[in-house]
Amino acid sequence: MALIINGEEIDDEVIEGEFRNVKGHYERMLQVSCCERDQEFRGYAKDNIISRVLLNQESLKRFPTVSEEDVTERLNRLIEEAGGEDQFYMNIGMPYKDEAVVRENVQGGVRLDKMLGEVYGPDPDYTEEELKAAYDKDQKLYMTEELIQAAHITKGLQGAQSRTEVYQLMRDLRRQLLAGADFMKLAEENRADEQQQIDLGWFKRGEFMEEFEVIAFSMNEGEISPVFTTQLGYHLCTLLGRKAPEPIPFAAVREAVRQRLLEAHKDAKFNELIAELKKTAQVEDTDPDEAESAGH
């Protein structure tokens, strides 16, 4: 066993599973390649497990028993949120129904909620001045999204002899545009049908394909893009306008400001609890030091 927390032994498979989750998160964030940070990620994994185990142990100490009614209510809510019992068991990775095991796990969740309810206490009643001060302090969090207006010429491969034929056509259109041809007129003359939209109007990130948006949002007004491809075919794009982010009025985000302050309050209380539990915890890590292992 690599970890023993207040006498509770943690299975190595649990540590490996948490390590894979941590490493997978950083890989998705493109912050790691291969094994260069494995020792660091293993440390994060162990710290996560220690925190979870200490929370479970403390909640069991404070609430040794919880009512069956509370467990049933929470379980029914989880099943409903999952869209039904079958989907619920599929989501938790249990290929067969084992209600006893599930109820035991849900019981732990009920205990934890009760304990955190005690730790957090009643929600603070923030004054209007406090909310406005928080809004002013973190105004960058309450901004509209950047918007652009773009137009494009698109050519699919349908009816073409080859990809090269379409590509060469788009290159020729780009040469004409760079020489001063009117974009909208040229797009009108070369669109596939009447339904094909040329002026895409105003839009924010996430409304079109990423390959298209990467080009469009990186352009200056009036610029002509290079020829580029998406799953729809070949494209040329020009930027017609850009609206920079601007502050959203306080009245429109007042509740969001309150929720952010409330989350910060709970995070602080939670971190205080974890710090206190770690102070008195008896934790044994039986994994040999990596450098020592390398020397054997």
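Residues numbered from 1 in each chain as written. Predicted model: local features only at pLDDT ≥ 70, side-chain atom pairs only at ≥ 80, totals over all residues. Heavy atoms only, no water.

**Examining the overall build of the protein**
Within the protein, the secondary structure is distributed over 11 helices and 7 strands. Against the 2.2 N^0.38 benchmark of 19 Å for 296 residues, the protein shows a C-alpha radius of gyration of 28 Å, more extended than a compact globule. In terms of principal-axis extent, the alpha carbons of the protein reach across some 75 × 60 × 45 Å. Within the protein, the fraction of its 296 residues that count as buried is 33%. Counting contacts in the protein only where the partners sit at least 6 residues apart, residues at least 24 apart contribute 69% of the total. (Helix = DSSP H or I, 4+ residues; strand = E, 2+ residues; numbered from the N terminus. Rg over C-alpha atoms; globule rule 2.2 N^0.38 Å. Buried < 20%, exposed > 50% of the residue type's maximum accessible area, 1.4 Å probe, protein only. Contact = heavy atoms within 4.5 Å.)

**Some thoughts on the pattern of salt bridges**
Between side chains of opposite charge, a pair can form when the charged atoms approach closely. On inspection of all chains with the given rule, the structure shows 25 salt bridges. The residue Glu16 makes a salt bridge to Arg42 at a minimum N-O spacing of 2.6 Å. One end of the pair, Glu16, is in helix H1 (residues 12-28); the other, Arg42, is in helix H2 (residues 38-62), and 26 residues separate them in sequence. Since its relative accessible area comes to 31%, Glu16 is described here as partly exposed. Each of Glu58, Lys61, Arg62 and Glu118 takes part in one network of salt bridges that share partners. (Salt bridge = Lys/Arg side-chain N within 4 Å of Asp/Glu carboxyl O.)

**A word on the pairing of strand S3 (residues 147-155)**
For S3, a buried count of 8 out of 9 residues is recorded, marking the element as mostly surrounded by other parts of the structure. Direction of pairing for S3 relative to strand S6 (residues 233-243): antiparallel, over a ladder of 9 bridges. Bridging from a neighbouring strand, Gln149 pairs with Gly241 of S6. Across 3 bridges, S3 lies against strand S4 (residues 199-203) in antiparallel orientation. Across the sheet, residue Ala151 finds its bridge partner in S4, namely Asp199. (Pairing = 2+ DSSP bridges.)

**Some thoughts on the environment of Lys243**
On the secondary structure map, Lys243 appears in strand S6. Leave out the neighbours within four places in its chain, and Lys243 touches Glu145, Glu146, Leu147 and Trp202.

**Describing the sheet that holds strand S5 (residues 228-230)**
Here 4 strands make up an open sheet; going across it, the order is S4-S3-S6-S5 and the pairing antiparallel. For this open sheet the edge positions go to S4 and S5, each flanked by a neighbour on one side alone. This sheet shows a mean twist of 40° between the axes of neighbouring strands, independent of strand direction. The strands touched by helix H7 (residues 163-178) are S3, S5 and S6; relative to S6, the strand with the most contacts, the crossing angle is about 35°. (Axes fitted to C-alpha atoms, helices over the stretch in contact; angles between N-to-C directions.)

**A short note on the packing of aromatic side chains**
Counting across every chain of the model gives 11 aromatic pairs. Arranged with centres 5.9 Å apart and planes meeting at 40°, the rings of Tyr167 and Tyr234 form a pair that is tilted. Of this pair, Tyr167 sits in helix H7 while Tyr234 sits in strand S6; the two residues are 67 residues apart in sequence, bridging distant segments of the chain. Taking 5.8 Å as the distance between ring centres and 80° as the angle between the ring planes, the aromatic pair formed by Phe203 and Phe217 counts as edge-to-face. In this pair, Phe203 sits in strand S4 while Phe217 sits in helix H9 (residues 210-217), placing the two residues 14 residues apart along the sequence. Joined through ring pairs, the aromatic side chains of Phe203, Phe208, Phe212, Phe217 and Phe228 make up one cluster. For Arg37, the ring lying beneath its charged end belongs to Tyr26, and the centroid distance is 5.1 Å. Its end group placed over the ring of Phe19, Arg42 keeps NZ or CZ at 4.2 Å from the ring centre. (Phe/Tyr/Trp six-rings, centres within 6.5 Å; stacked < 30°, edge-to-face > 60°. Lys NZ or Arg CZ within 6 Å of the ring centre and 35° of its normal.)

**Focus: the packing of H2 against helix H5 (residues 99-120)**
Here H2 crosses H5 at 85°, and the two axes come no closer than 9 Å. Overall, the two elements H2 and H5 adopt an arrangement that is roughly perpendicular. Mapping the contact onto sequence places Leu55, Glu58, Ser59, Leu60 and Arg62 in H2 and Arg111, Leu112, Met115, Glu118 and Val119 in H5. Among the residues making up the contact of H2 with H5, the classes are represented as 5 nonpolar, 1 polar and 4 charged. (Parallel < 35°, antiparallel > 145°, perpendicular 65-115°, else oblique. Nonpolar A, V, L, I, M, F, W, Y, C, P; charged D, E, K, R; others polar.)

**Here's the deal with the UniProt feature "domain: PpiC" (unreviewed entry) in the protein**
Taken from the UniProt record, the annotation "domain: PpiC" (unreviewed entry) applies to residues 145-241. Annotated as 33% helix and 27% strand, the span residues 145-241 places its first and last C-alpha atoms 14 Å apart. (UniProt positions renumbered as here; feature names shortened; annotations may be inferred.)

**Observations concerning the environment of Ile4**
The residue Ile4 is located in strand S1 (residues 3-5) in this model. For the pair Ile4 and His25, spaced 21 residues apart in sequence, the C-alpha separation works out to 26 Å. Ile4 has contacts with Glu9, Gln282, Val283 and Glu284, leaving out every residue within four places of it along the chain.

**Here's the deal with H7**
Between its first and last C-alpha, H7 extends 23 Å over 16 residues, near the 22 Å set by a 1.5 Å rise per residue. Among the residues of H7, Val166, Met170, Leu173 and Leu177 are the ones counted as buried. Taken down its axis, H7 places every buried residue within 55° of arc, on the same side. What points out from H7, more than 90 degrees from its buried face, is the exposed set Thr164 and Leu178. (Expected span 1.5 Å × (residues − 1). Arc of directions from axis to C-beta.)

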